[in-house]
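# Coordinates in review
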Amino acid sequence: NNIFKIEKLIGDFVRNIFLIIDNKNTLNPSMGIKKKNYNNKIAKKHIESVLVEAKELIKKNYNGYKIMHVIIEKYIMNGKSDLIFKSDVESQELSLELNFMTVSNNLTYELDKVLGRFHIQINKYIDLKYIQKYFKDQHVEFPLMVYKILNGFNRNEVELVEKIKKNKGFFEKFFYFFN
């Protein structure tokens, strides 16, 4: 009903939305992950590979959940912890403390199905508790909080990018069918 009201106000159809979740079907697993570094200096590329491995571990162990947010709580290099990444630090190993915010696949499936009937696609799920916690001591209006989170205001939030699946052509599909 609210979407119909919004469409009436703006005089156009809503096609894509960001959905803020406040539901008991969320789960927030935390993990620490430690990797050897053979290049001496910790670069952004090294952190990316550790994050990909951590994300795959969460997907494997919590396969009934969709990841909404990944937050780096701490970077640990040379036994010293830091809240922000400092590039080109010399260290033999890198440890990250991570917090994942997830939502049940069953819930996202139902929401996608209901909104899909109205040709509305959910671009991103956002955890309400995360937004409220991040801005807890600040007097910021809620829409501005959401805008800031969506636009990378939290430097320790990892932006998840979906893999682009290459569409196979007819002959490629045909070849694999008989292979």
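We now turn to the structure provided with this report. Since the structure is predicted, the reported quantities are computational estimates derived from the model, not experimental observations. (Residues numbered from 1 in each chain as written. Predicted model: local features only at pLDDT ≥ 70, side-chain atom pairs only at ≥ 80, totals over all residues. Heavy atoms only, no water.)

## Some remarks on the side chain of Asp127
Here is the rule we go by: By the criteria applied, helices consist of DSSP H or I runs no shorter than four residues and strands consist of E runs no shorter than two, each listed in order from the N terminus. For the exposure calls, accessible area comes from a 1.4 Å probe over protein chains only, and a residue counts as buried if that area is under 20% of its type's maximum, exposed if over 50%, partly exposed in between. In this charge count, Lys and Arg are treated as positive and Asp and Glu as negative; neither His nor the chain ends contribute. A side-chain nitrogen of Lys or Arg and a carboxyl oxygen of Asp or Glu constitute a salt bridge if their distance falls within 4 Å. We call two residues in contact when some of their heavy atoms are within 4.5 Å.
Position of Asp127 relative to the elements: it lies in strand 9 (residues 121-127). Summary of buried charges: Asp127 has no salt-bridge partner, and the nearest side chain of opposite charge, Lys129, is 4.9 Å away. Those residues in contact with Asp127 that lie beyond four places of it in its chain are Ile21, Asn28, Met68, His69 and Met101.

## Examining the packing of aromatic side chains
Geometry of an aromatic ring pair is reported as the spacing of the ring centres plus the angle between the planes. What counts here: In this analysis, rings of Phe, Tyr and Trp, with Trp reduced to its six-membered ring, are considered paired at centre separations within 6.5 Å, and the interplanar angle assigns stacked below 30 degrees, edge-to-face beyond 60, and tilted for intermediate values. A ring is considered to have a charge above it if a Lys NZ or an Arg CZ atom is located within 6 Å of its centre and within 35 degrees of its normal.
For the structure on display, the rule yields six aromatic pairs. When the centroid spacing of 6.2 Å and the interplanar angle of 90° are considered together, the rings of Tyr134 and Phe153 count as edge-to-face. With Tyr134 in helix 4 (residues 128-134) and Phe153 in the loop between helix 5 (142-150) and strand 10 (157-158), this pair connects stretches of sequence that are 19 residues apart. Taking the relative accessible area as the measure of exposure, Phe153 reaches 39% and is therefore partly exposed. Between the aromatic rings of Phe135 and Phe153, the centroid separation amounts to 5.9 Å while the plane-to-plane angle is 20°, which identifies the pairing as stacked. Remark: Phe153 occurs in the loop between helix 5 and strand 10 and Phe135 occurs in the loop between helix 4 and helix 5; sequence separation between them is 18 residues. Connected via pairs of aromatic rings, a cluster forms that spans Tyr130, Tyr134, Phe135 and Phe153. The ring of Phe153 has Lys148 sitting right over it, with the charged end atom 4.6 Å from the ring centre.

## Description of unusual backbone geometry
Excluding glycine, a negative phi dihedral is what most residues carry, and trans is how most peptide bonds are arranged. One non-glycine residue with positive phi stands out, namely Asn78, at about 55°. Position of Asn78 relative to the elements: it lies in the loop between strand 5 (65-77) and strand 6 (80-82). The phi torsion at His119 lies on the positive side, around 60°, for a residue other than glycine. Position of His119 relative to the elements: it lies in the loop between helix 3 (105-116) and strand 9.

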